[in-house]
Amino acid sequence: MNEDENKRRTMIYAFFMGKLDRKIYFDKYGTDALQDFPVELGALLQNDLIEIKDNEISLTRKGRKYTDLEGSIFWSERVESMYSPI
């Protein structure tokens, strides 16, 4: 699995757990999740599904209802193509 897929997997697992520690992400990848996924995180933020405080990105109460949707936002094109409708 390449680095982009690993980053995406990290984001998916983090949101299933309810939060992402940006410092741990940075220590692991050398980049900030906000810079790696500005469109995805921006959409979640705009829809009040996440909140960003200091070094943590966490699900809001509303966001906890949509963890499957939030996870799928981080699917790569390769992974998404595996789940195309029949």
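The structure reproduced in this document is the subject of the present report. (Residues numbered from 1 in each chain as written. Predicted model: local features only at pLDDT ≥ 70, side-chain atom pairs only at ≥ 80, totals over all residues. Heavy atoms only, no water.)

The subject of this paragraph is the packing of helix α1 (residues 3-17) against helix α2 (residues 22-29). Between α1 and α2, the shortest axis-to-axis distance is 12 Å and the interhelical angle comes to 165 degrees. Between α1 and α2, the angle falls in the class roughly antiparallel. Pair α1 / α2 crosses with right-handed handedness. Touching Glu3, Asn6, Lys7, Thr10 and Met11 of α1 are Tyr25, Lys28 and Tyr29, all from α2. Considered class by class, the residues forming the contact of α1 with α2 number 3 nonpolar, 2 polar and 3 charged. (Axes fitted to C-alpha atoms, helices over the stretch in contact; angles between N-to-C directions. Helix = DSSP H or I, 4+ residues; strand = E, 2+ residues; numbered from the N terminus. Parallel < 35°, antiparallel > 145°, perpendicular 65-115°, else oblique. Left-handed = near helix turned anticlockwise from the far one by under 90°. Contact = heavy atoms within 4.5 Å. Nonpolar A, V, L, I, M, F, W, Y, C, P; charged D, E, K, R; others polar.)

A word on the packing of aromatic side chains. In total, this model carries 3 aromatic pairs according to the counting rule given. Centre to centre, the rings of phenylalanine 37 and phenylalanine 74 are 5.3 Å apart; their planes meet at 90 degrees, and the pair counts as edge-to-face. Taken together, the positions of phenylalanine 37 in the loop between α3 (33-36) and α4 (38-46) and phenylalanine 74 in the loop between α5 (67-73) and α6 (77-82) put the pair 37 residues apart, joining distant regions of the chain. Residue phenylalanine 37 shares its accessibility class with phenylalanine 74, and that shared class is buried. (Phe/Tyr/Trp six-rings, centres within 6.5 Å; stacked < 30°, edge-to-face > 60°. Buried < 20%, exposed > 50% of the residue type's maximum accessible area, 1.4 Å probe, protein only.)

Any functional reading would require information beyond the geometric quantities listed.
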